[in-house]
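Analysis of the macromolecular model
Letter by letter, the chains look like this.
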Amino acid sequence: MCVKNKSQSDMSGALLDLTGRVALVTGASRGLGQCMALALARAGASIVITSRSTDRLHPTVQLIGDLGREALPLELDVLQPDSITRMMQRIQDRFGCLDILVNNAGCNIRRRALNVTAQEWDQVVNTNLRGTFFVAQAAARLMKTAGYGRIINIGSVTCVFGYAGMGPYCASRGGVKQLTMSLAHDWAEYGITVNCLAPGWFRTAQSEGLYADAEWLSMLKERIPLHRPGQPQDLDGAVVFLASESSRYVTGQTILVDGGVSIGAVRAMPQSEWDQESG
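Residues numbered from 1 in each chain as written. Predicted model: local features only at pLDDT ≥ 70, side-chain atom pairs only at ≥ 80, totals over all residues. Heavy atoms only, no water.

What about the overall build of the protein?
- Helices and strands together make up the secondary structure of the protein, namely 9 helices and 7 strands.
- By the compact-globule yardstick of 19 Å for 279 residues, the protein fits well, its C-alpha radius of gyration being 19 Å.
- For the protein, the C-alpha atoms occupy an extent of roughly 60 × 45 × 40 Å along the three principal directions.
- Burial statistics for the protein: of 279 residues in total, 48% are counted as buried.
- Considering only contacts within the protein whose residues lie at least 6 apart along the sequence, 71% involve residues at least 24 apart.
- Surface summary for the protein: the accessible area is close to 13,600 Å², and the carbon and sulfur share equals 51%.
- Computed over 26 positive and 25 negative side-chain charges, the separation of the two mean positions in the protein equals 4 Å. (Helix = DSSP H or I, 4+ residues; strand = E, 2+ residues; numbered from the N terminus. Rg over C-alpha atoms; globule rule 2.2 N^0.38 Å. Buried < 20%, exposed > 50% of the residue type's maximum accessible area, 1.4 Å probe, protein only. Contact = heavy atoms within 4.5 Å. Areas by Shrake-Rupley, 256 points an atom, 1.4 Å probe, with all protein chains shown as cover. Lys, Arg positive; Asp, Glu negative; His and termini not counted. Charge placed at Lys NZ, Arg CZ, Asp CG, Glu CD.)

Here we look at unusual backbone geometry
- Backbone geometry places histidine 227, a non-glycine residue, at a positive phi of 60°.
- If you trace the backbone, histidine 227 turns up in the loop between α7 (214–223) and α8 (236–243).

Focus: the confidence of the model for the protein
- With 90% of its residues at a pLDDT of 70 or more, the protein shows a mean pLDDT of 91.
- Contacts for the low-pLDDT stretch residues 7–13, under 50 throughout, to residues beyond four places or in other chains number 3 contacts. (pLDDT = per-residue confidence, 0-100.)

Written as structure tokens, this is what we have:
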């Protein structure tokens, strides 16, 4: 099912074409994971999608099928090494290889730092950081055999920013950024690139409660130069780029897709003076 590596000249007209590639997207039952899986399917890839319960994957399977692409739903708990091993064996049995990994499975618990418990810390950091490493490790073992691979670790703007009430999450995402650079160096000799895709503030079904607060949403928009939170489809171009031949010379990088919020933009003058300068 997997295609052989193509030369640079062969790819001149198809730098974003993933036809014949096999992509694994973890945490793909909804939200950003689901949208990234669909973006890769539209680019031509066959898709393996995972969740802790395969029942939750049925809508994503249907959407990928509607695009005329194959979707293989698999159960995965990134905290359990045996679960990772079983998943990779299923991929090898079905496709014989793995070309692309989107390491998306993650979680967050919002809690002020004084109230975080050891159990909550372990849940967030082990899911987001330890899970990312061991899924990437298992994928790289398959990719090494083929001499080709694209690993995309999903971080967030908290790879470079820190926010109150998100201590374990910020620690884990900062770790993903550093881990990405280490793995990029470690696995470059095998033809594997490793990059971190870091979304900013995105509006999804999971986070809808935050965005229902009009005052908070207004404050957020003020700090985003493009004046809106992200929509899941805003990641399509970046994830396909990092999964494709277009990114063959890009590795160890963290690409922020955040509407500019990581600029740290705060208006430097009152609204009245801003309007006068603009006019």
